[in-house]
Amino acid sequence: MKILVTGGAGFIGSCFIRHMLTKHNDYKIINLDALTYAGNIENLDDIKDNKNYTFIHGNICDKKLVRDIVAETDCIINFAAESHVDRSITGPEIFIETNVAGTLNLLQAAKELGIQRFLQVSTDEVYGSLGKDGYFYETTPLAPNSPYSASKASADLLVRAYFETYKLPVLNTRCSNNYGPYQYPEKLIPFFISKLLKNEKVPVYGDGLNVRDWLFVYDHCSAIDTVLHKGKEGEIYNIGGHNEKTNLEITKLILNAMGKDESSIQYVKDRLGHDRRYAICNDKIQSELGWSPSLTFEEGIKLTIDWYLNNQDWMQHIEDKKAGLV
Ligand SMILES: NC(=O)c1ccc[n+]([C@@H]2O[C@H](COP(=O)([O-])OP(=O)(O)OC[C@H]3O[C@@H](n4cnc5c(N)ncnc54)[C@H](O)[C@@H]3O)[C@@H](O)[C@H]2O)c1
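What counts, and at which threshold
- Residues numbered from 1 in each chain as written.
- Predicted model: local features only at pLDDT ≥ 70, side-chain atom pairs only at ≥ 80, totals over all residues.
- Core = buried A, V, L, I, M, F, W, Y, C linked by C-beta atoms within 7 Å.
- Buried ≥ 20, exposed ≤ 12 C-beta atoms within 10 Å, placed from the backbone.
- Contact = placed C-beta atoms within 7 Å.
- Pairing = 2+ DSSP bridges.
- Helix = DSSP H or I, 4+ residues; strand = E, 2+ residues; numbered from the N terminus.
- Axes fitted to C-alpha atoms, helices over the stretch in contact; angles between N-to-C directions.
- Parallel < 35°, antiparallel > 145°, perpendicular 65-115°, else oblique.
- Left-handed = near helix turned anticlockwise from the far one by under 90°.
- Nonpolar A, V, L, I, M, F, W, Y, C, P; charged D, E, K, R; others polar.
- Near = placed C-beta within 6 Å.

A.B. asks: Looking at this structure, I do not really get the nonpolar core. What am I missing?
C.D. replies: In a soluble, globular protein the nonpolar side chains are often hidden away together inside. Ranked by size, the top nonpolar core spans 65 residues in total, and within it Val 5, Phe 16, Ile 76, Ile 77 and Ala 110 carry the most contacts. Val 5 has contacts with Gly 13, Phe 16, Ile 17, Ile 29, Ile 30, Asn 31, Ile 77 and Phe 79, leaving out every residue within four places of it along the chain.

A.B. asks: Can you walk me through the sheet that holds strand β9 (residues 211-216) in this structure?
C.D. replies: Through backbone hydrogen bonds, the strands of a sheet pair up, either in parallel or in antiparallel fashion. With mixed pairing, the 3 strands of this open sheet are ordered in space as β7-β9-β11. Edge positions in the open sheet fall to β7 (177-179) and β11 (244-246), since each of these has one partner strand only. Each strand axis lies, on average, 50 degrees off the axis of its neighbour in the sheet, ignoring direction. Pairing geometry for β7 and β9, over 3 bridges, is parallel. Bridge assignment links Asn 178 to a residue of β9, and that residue is Leu 215.

A.B. asks: Mind showing me how you'd approach the packing of helix α2 (residues 63-70) against helix α4 (residues 93-113) here?
C.D. replies: Direction vectors running N to C along α2 and α4 enclose 45 degrees, while the axes themselves pass 9 Å from each other. The angle between α2 and α4 falls in the class oblique. Crossing hand, α2 versus α4: right-handed. In contact with Lys 63, Val 66, Arg 67 and Val 70 of α2, α4 contributes Asn 105, Leu 106, Ala 109, Ala 110 and Leu 113. Grouping the amino acids of the contact of α2 with α4 by side-chain chemistry returns 6 nonpolar, 1 polar and 2 charged.

A.B. asks: I keep staring at the environment of Asn 105 and nothing clicks. Help me out?
C.D. replies: Along the chain, the position of Asn 105 falls in helix α4. Since 20 C-beta atoms lie within 10 Å of it, Asn 105 is described here as buried. Excluding its chain neighbours within four sequence positions, the residues that come into contact with Asn 105 are Ile 60, Cys 61, Lys 63 and Val 66.

A.B. asks: I keep staring at the site of the ligand and nothing clicks. Help me out?
C.D. replies: In the vicinity of the ligand, 30 residues are found, and the nearest of them are Gly 7, Gly 10, Ala 38, Gly 39 and Ala 81. At the level of secondary structure, the elements contributing two or more residues to the shell around the ligand comprise α1 (11-23), β2 (28-33), α4, β5 (117-123) and β7. At 3 residues, the largest contribution of residues to the shell around the ligand is made by α1. Split into classes, the residues belonging to the shell around the ligand amount to 15 nonpolar, 13 polar and 2 charged.

A.B. asks: Is there a simple way to explain unusual backbone geometry in this structure?
C.D. replies: It is generally the case that most residues other than glycine have a negative phi and that most peptide bonds are trans. Positive phi is not limited to glycine here, since Leu 35 has a value of about 50 degrees. Relative to the helices and strands, Leu 35 resides in the loop between β2 and β3 (53-57). One non-glycine residue, Asn 199, adopts positive backbone phi at about 60 degrees.

Shown next, in the form of structure tokens:
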């Protein structure tokens, strides 16, 4: 099986490629990544010489390049995206270009050239925000609130349309917040760790009581592998670990692990349109496909914090790149 993974130099895509090369040693993986500010090819240094792995530096919006690659491919897993909500609030255009037009370009190539499976990696954010109770189900209406989640919801709708109209064999996964090694340090957990390592305060939005449902990145990747092999064409699968935590709880956990106290917290003005609560019901993937998370939140968060503390060179290298020093 030859699989095109887009956005494989990012946080989740790189974890997925490592997972697939380890678990399926007869699969060939092509990683197509534009290496935006969030892409880091060094995330895959350990497997770069694997004979089943090929890296192509390019953009999912590039029609000719995508067609050339898809012509040689059995399946596509689309991770490539602009993924940071705050950036989408200040500059939404690139989110539409990559997340919507880029997905359309992949779908069109898949339709024209034929493909066994097209898996779109999406997010629980497409469902909008929950009140105090309840869960997001696969049937929950889409109600995105940020330009990021609107662009992901738009891509999901295109994926659905290619199934309904052209019978393209698509699958759509919607996962909750991921955490784990190699996450770009603009996202909450690595961002806060990097601030604390510099003895700076961590900025907590609003009252800190926004709730996110956290899943360890390895478990997200094993879920995508499961959906790719066992999922039913045209279906959506929610992925989550039932780990609802407020941002303040996560912050206190990190402070504690790093020997700091709450004086290191700085409350800042809330994010515009900040969704209050996300919580995923993952009954469908558990009961129909037999997937469940392998790690508890306590195990995963310990592994994660330890990884960042033991890989400060990785974080420093990103800071140096940002500052134009390398
Ligand atoms: N991080 C989360 O908590 C989370 C949760 C659910 C779903 N998702 C989804 O998973 C996917 C991966 O998220 P992530 O956190 O790894 O993101 P990331 O920002 O770490 O990585 C995105 C990758 O896509 C690449 N990319 C961006 N634009 C591209 C383009 N035009 N062409 C080719 N490559 C391009 C980047 O270089 C980068 O390597 C995204 O689609 C995101 O919406 C993320």
